[in-house]
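# Report on the structure
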Amino acid sequence: MVRRDVPRHDASEKIAGVARFAGDLALPGMLHARLVRAQLPSARIVRRDATRAREIPGVVAILFGEDVPNNTVWVDVPGQMVEVSALKASMEVLATGRVRFLGEPIALVVAETEDVLAEACAAVEVELEELPGVFDPDEALADDAPTVHEDGNLLAEWNIDRGDVERGFAEADVVVEGEYRTQYVDHAYLEPEAGVAWLDDQGVLTIRVATQVIEHYRDVARILAMPESKVRVIAPYVGGGFGGKEDMTVEPYVALAAARTGRPVRMQWTRNESLLARAKRHPMRMRYRTAARADGTILAQDIDITSDAGAYAYLSALVLLYSAVHACGPYDVPNVRVRSRSVYTNNVPTSAMRGFGAMQVVFAYESQMDRLARRLGMSPVAIRKRNALARGDVLPVGQTLETDVLLPQTLDAIVDRAGEKPSPSGPRRAVGRGFASNLQSYGRLVWLNDSAAAWVGFHLDGSVTVRCGVPDIGGGQSASLAQIAAEVLGVGLPRVTVHFGDSALTPLAGTTTATRQLLMSGNAVYEACTTLRDRILAAVAEETGQPSESLRMVDEAIVGPETRVPVLDALVICRRRNVPTEALETFFGPRGRPVVRDLRAERVFPDFTFGSHLADVEVDLDTGQVKVLRYIACHDVGRAINPGSVAGQISGGTVQGIGMALLEELVVRDGVNLTGGLFQYLIPTAADVPDIETVILESGEGMGPFGARGIGEPPIGPPAAAIANAIADAVGGRPTTLPITPERVLACIGLGVQEGRGSDG
Amino acid sequence: MFVKPFAYERAGTFADACERLRAYGGEAKAVAGGQSLLPMINLGLVEPRAVVDISHVEGGRGIALDDGSLRIGALTRHLDLERDPLIARGQPLLRAAASLVGNRRVRALGTLGGSLAHADPAAELPLAMTVLDAEYCVTDGRSRRTLRAHEFPITFFTTQLEEAELLEWVRVPALGPGWGWGFVEVSRRSGDFAIVAAAALAHARDGILFESRLAVAGVGDRPIRLPAVEAAGAGASVDELEGRIGPIEDIEPVSDGIASSEYRRHLARVLVLRALSDACRRAGGQT
Amino acid sequence: MTDLAAVTMTVNGRRITRTTGGHLTLLRWLRDAAGVTDPKYGCGEGVCGACTVLLDGEPVSSCLVLAPRADGAEIVTASGLVTGGDTLGPLQRAFLEHHAAQCGFCTPGMLVCAASMLADGGPLSRDEIREGLHGNLCRCTGYGPIVDAIEAAQGSRGPA
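Residues numbered from 1 in each chain as written. Chains lettered and ligands numbered in written order. Predicted model: local features only at pLDDT ≥ 70, side-chain atom pairs only at ≥ 80, totals over all residues. Heavy atoms only, no water.

## A closer look at the interface of chain B and chain A
When the parts of a complex come together, some accessible area is lost, and that lost area is often taken as the interface size. For clarity, the threshold we go by: Here, two residues are considered to be in contact whenever any of their heavy atoms come within 4.5 Å of each other. Here the quantity called buried area is the total loss of accessible area, with a 1.4 Å probe, experienced by two parts when brought into contact, counted for both. Here, a salt bridge means any side-chain nitrogen of Lys or Arg that lies within 4 Å of a carboxyl oxygen of Asp or Glu. In protein, a polar contact requires one atom able to donate a hydrogen and another able to accept it; more generally it is a pair of N or O atoms within 3.5 Å, and residues adjacent in sequence count only if both atoms are side-chain atoms.
Each partner contributes to the interface: chain B provides 21 residues, whereas chain A provides 27 residues. When the two sides are added together, the surface that chain B and chain A hide from each other amounts to roughly 2,000 Å², 63% of it contributed by carbon and sulfur. On the chain B side of the contact with chain A, Phe2(B), Arg188(B) and Arg189(B) bury the most area, a combined 40% of that side's loss. Viewed at the interface, chain A and chain B are joined by two salt bridges. Linking chain B to chain A there are eight residue pairs in polar contact (both at pLDDT 80 or more).

Structural data, given as structure tokens:
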């Protein structure tokens, strides 16, 4: 049942059009809520007055910060399974004193209809006194910069030192350097943020919300000063997450409104609101100096990274940690210096997005590899193979790679598949080929002491239920669990039903983030199933006198060399012998100690996924437009539980990466987001990308069930570098700023203002 | 979502529509396909007190060929322009322009008149009308007046239409024998608003360009005819055109979040040359 | 009409009458008034395609159509594409087999547009399918699986 390309159970409901997302639920008596948001990026709140708004017929309630029982939300580590450290980063649920970014919520308006909301929100009077703001991380670090938070604008720093970087540079035959910049990126899920909250018959505050983290029920409970046992979060199918639904979005607001009014309340963010106010991917500036020998062996990396944390910390410190740990890429580098910092500004906050800091650095380190290859006259594949990590190597931060690294095989696979580079389609066109390899962790940082629980049980008729808190955001999260259960318990897939995403009714499995769910909930389901299987086999063994080692569960029966007991009979045997026909297990991820600023740890992440991509592009030398002719992506996924799902993750992640490479940018000037709609924020359409040819390698060496590795995030890393390298191959000049617009391409051909900084030594 | 409520009225005839608009004293908007107006309403950029639906007014749609020109009702949809055999045979430049507007859904509802009245300086149909030197008929329900395409826009998203006036029909010449057409645009993605678009009609034979009409969009507050470039190309062989046509004057492209003015200026020349080259090739009978 | 007035449409074969304000979009009328929630709100700009329905046979962005404009019209949403008791027709089965739905939010609009594209004529090449889909955004699949599904469905055209 695993490694089978079966249609997913969730897909049928979605294709039939009957899947109900968070915004599809309507309850009798339901009210509607909307936020009044700050219109300046840096200001002091002088006056707030809802008198006029309250008089509008149909307005039911208007709340300010003072109306929130605990007006603070801790934002820096969503969905911890245990309390690991003092949480440091907070923000107000509704701002009362200061406003730090344009779009910050100030008031919550609740009304009978959406039509009333439009008028009511406009009628809430908010008077702001503009304060000096700072909108650039370098400026924010100056001594006289306006402070975004009282403790200063430096939010976090991570340093890595290994070996002797200066000696590495002194001994090198060649040094290449470059400065690379990445942009604000929006998750742009098709489903804007939405949720409905209501009080159930027991007074449990229930929130059905598009989320990646049902453990936020604790945060809501704290905000409402309610016991955690009285708050319930349900995650229905989510219309895309990608990290954007990892922090709370509508939860505290619908909860407050439902608690205040006693009625169900729905909140639906507009696309404009989502683009404006949802936290973004961190823009980063990365300066790399890479030293190598003439044979291509890298001797040293000197790396400097600055990220814009925006107005509130959210996950900025952790994102930067990922950048620092991944900064040297999938290569063995003996001498390393990484200096990185995340800085507050009055820009839109930045937080989690697929790749989580480990993907921006791919653009930098893979561009550097390409520069090196060109300088040395080496093939891009040869130089990567020369430096590739292998099992037993130690990452700069100090973690030893315990599983096999198939990086060279991924390079061979894409070269084999690609064949010759195509010819240009006309006289004013140029074709280039680019490579990029990456590593991306899967599983959460080990010092978060991550865990996931799952319950599995047989019904009297031999069908199976799995209960697991995992939110299903479209990556096949719940379908994988069904396949695992079917495999271990030897039942047909249609006999398995998965209930997921309910903090009251399903064992908690943690966040659907960090490419962790197959590792964590997959292993939890696997362990629950094996516990249950072993229990049943033991009971049947005793009953039949066969040794339990000789028995297997397969084809809806317990089968041995001389036995075949149909599963229904086996269940009767269990019940007669007081053997439970269900099991609950918790899978604990690897553990480690919390890290400090100067990073040195034997283990930071459970494990990593490695891959390589190839892009063939054609450049229109007159307009600068880039067409991706062909794209091949290869990753070692350990084991493909569902090959169709795996290919889908690789295809989808790669296209997001191509979007970041060529099209996507949220333009923020002086704290004002100028990109207010999908007609301006350009994500790839079907006509902008070719078929993503996926090659799946299965080393069997992952830490997930059946040796699987995580695959959700890894594919998003390489595309920007693969395409930039392909453009450099086509036209000579190299783009170093994302997105690679046609204008920037023309600059690479020497037809415009030179924008990218960097030299080849 | 979160739109200030407004009234909806449906008009049966042009005269009826104009009277209703007049009655609202400038606070009502005419809606035809809704593909330009509704996004603006949904984004809160426009807050009318009422909309007057003119999509089904009597005699609003229709394409007729008479006397070497095509008369097109203002409520004719982009999809109709894309598919109607009269347009395909009679003025294929217009079919090409219409097929580039938005996507299939936009073209199913959006109308020629709606696009012209919206006056987006980078839009395809106003550009096509400009290069075709189209004639516009405007009605206020009581009388009519005619304008030429280049007179119609005043500036960005602003036209000659007064408060109670509507475009009733448009007349374009049919493509004559020995003439070819070209229509090219650069946008960030297929179906997006053009950054720059160029339209060309060329009278050419055996690789010699006799005469052309050229216009470009996205480089000013309206589509711009290029008489100087037309003159520079006249009499040239197709191979000489690149040498004869230098940087395009008479245009004032702006810099914005999508593109710089320098890039737009550069694109204008590139696209004019491409459109003209396509037009010459088609004049010679090739597709 | 300034006040609420009754508007009647046939939605997926069912005749439905609901009152509406003049400003309500067809999308809101379907979802909030008629309880038909498969067309989705994704942008309000007509760009993403998640709200696509067939209006008298034409694919339209229901967020850009005012409900009163559609008075008397025949509306088909994704869940109404297959009639006659079958939940999944050839197009839907192709989507299922080719993993063309991940999060599923774009899927209803994508299905309506795909059905419309196939009805417009063919057979279409993969490039033509991609071009025809450029008005439907998907953030999860990378589009390949959706193109595969439509290509497969056009090969096995049956009642859809």
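## Focus on the domain arrangement of chain A
Residues and elements named next belong to chain A. How we decide: Boundaries between domains were set according to an automatic or database domain assignment. Under the DSSP-based scheme used, a helix requires at least four consecutive residues in state H or I and a strand at least two consecutive residues in state E, with every element numbered from the N terminus.
Splitting chain A by domain gives domain 1 (11-131 + 193-268), domain 2 (284-445 + 595-759) and domain 3 (451-588). For domain 1 and domain 3, the distance between their C-alpha centroids amounts to 37 Å. In this complex, domain 1 contributes 23 residues to the contact, which on the side of domain 3 involves 18 residues. Surface buried jointly by domain 1 and domain 3 totals about 1,500 Å² across both partners, of which 58% is contributed by carbon and sulfur atoms. Between domain 1 and domain 3 we count one salt bridge in total. Taken together, domain 1 and domain 3 are joined by six residue pairs in polar contact (both at pLDDT 80 or more). For the side of domain 1 that touches domain 3, the secondary-structure elements that each account for two or more residues are helix 6 (217-224) and strand 13 (231-234). The element best represented in the side of domain 1 that touches domain 3 is strand 13, accounting for four residues.

## Looking at the sheet that holds strand 13 (residues 208-217) of chain B
Residues and elements named next belong to chain B. Put simply, the rule is: Two strands qualify as a pair provided that DSSP identifies no fewer than 2 bridges between them. Where helices are involved, their axes are fitted lines through C-alpha atoms of the stretch in contact, as for all axes, and angles between N-to-C directions lie from 0 to 180°.
One open sheet holds the four strands; their spatial order is 11-12-13-14, and the pairing between them is antiparallel. Lying at the two open borders of the sheet, with one neighbouring strand each, are strand 11 (179-186) and strand 14 (224-225). Here strand 11 pairs with strand 12 (residues 196-205) via eight bridges, running antiparallel. Bridge pairing in strand 12 places Val186 opposite Val196. Relative to strand 11, helix 11 (residues 261-283) is tilted by about 150°, and along the sheet it contacts strand 11, strand 12 and strand 13.

## Some words on the pattern of salt bridges
Residue and element names in this part refer to chain B. Worth spelling out the cut-off: Only protein chains enter the accessibility calculation, which uses a 1.4 Å probe. A residue is then buried if its area is under 20% of the maximum for its type, exposed if over 50%, and partly exposed in between.
Taken as a whole and judged by the stated rule, the model has 89 salt bridges over all chains. The closest approach of N and O atoms between Asp80 and Arg61, which form a salt bridge, is 3.2 Å. Of this pair, Asp80 sits in helix 3 (residues 78-83) while Arg61 sits in the loop between strand 3 (50-53) and strand 4 (63-66), and the two are 19 residues apart along the sequence. Of the residues examined, Asp80 reaches a relative accessible area of 17% and is grouped as buried.

## A look at the packing of helix 11 (residues 380-387) of chain A against helix 12 (residues 407-418) of chain A
Residues and elements named next belong to chain A. Put simply, the rule is: For classification purposes, an angle smaller than 35 degrees is called roughly parallel, one larger than 145 roughly antiparallel, one from 65 to 115 roughly perpendicular, and anything else oblique. By definition, turning the near helix anticlockwise from the far helix through less than a right angle yields a left-handed crossing, and turning it clockwise yields a right-handed one.
It is the contact of helix 11 with helix 12, at a shortest axis distance of 9 Å, that shows an interaxial angle of 165°. Overall, the two elements helix 11 and helix 12 adopt an arrangement that is roughly antiparallel. The hand of the helix 11/helix 12 crossing is left-handed. Listed contacts from helix 12 to Val381, Arg384 and Lys385 of helix 11 are Pro408, Leu411, Asp412 and Val415.

## Some remarks on helix 11 of chain B
Rules: What a helix is expected to span follows from its residue count: subtract one and scale by 1.5 Å.
Between its terminal C-alpha atoms helix 11 of chain B stretches 32 Å, which fits the 33 Å expected from 23 residues at 1.5 Å a residue. Immediately downstream of helix 11 of chain B, the backbone of Gly285(B) shows phi near 95°, a positive value.

## Digging into the pairing of strand 12 (residues 205-209) of chain A
Residue and element names in this part refer to chain A. Of all five residues in strand 12, five are buried, a share of seventy percent or more. Taking every second residue as pointing to the same face, both faces of strand 12 are buried, with Leu205, Ile207 and Val209 on one and Thr206 and Arg208 on the other. As paired strands, strand 11 (residues 194-199) and strand 12 are joined by five bridges and run antiparallel to one another. Bridge assignment links Ala197 to a residue of strand 12, and that residue is Ile207.

## Considerations on the confidence of the model for chain B
Basically, it comes down to this: The predictor reports its confidence for every residue as pLDDT, a score running from 0 up to 100.
Across chain B, the average pLDDT comes to 95, with 99% of residues at 70 or higher. With a pTM of 0.96, the predicted complex shows an ipTM of 0.96.

## Re the side chain of Arg98(A)
All names here are of chain A. Spelled out, the test is: When charges are tallied, Lys and Arg are placed among the positive residues and Asp and Glu among the negative ones, while His and the ends of the chain are skipped.
For Arg98, the location among the structural elements is in strand 6 (residues 98-99). This buried residue, Arg98, is left without a salt bridge; Glu150 holds the nearest opposite charge, at 4.0 Å. Among the polar contacts listed, one links the side chain of Arg98 to the backbone oxygen of Thr147, at a separation of 3.3 Å. Engagement of the side chain of Arg98 in a polar contact is seen with the backbone oxygen of Val148, the distance being 3.4 Å. When near neighbours in sequence (up to four residues on either side) are disregarded, Arg98 contacts Ser42, Ala43, Glu92, Glu104, Leu131, Thr147, Val148, Glu150 and Tyr312.

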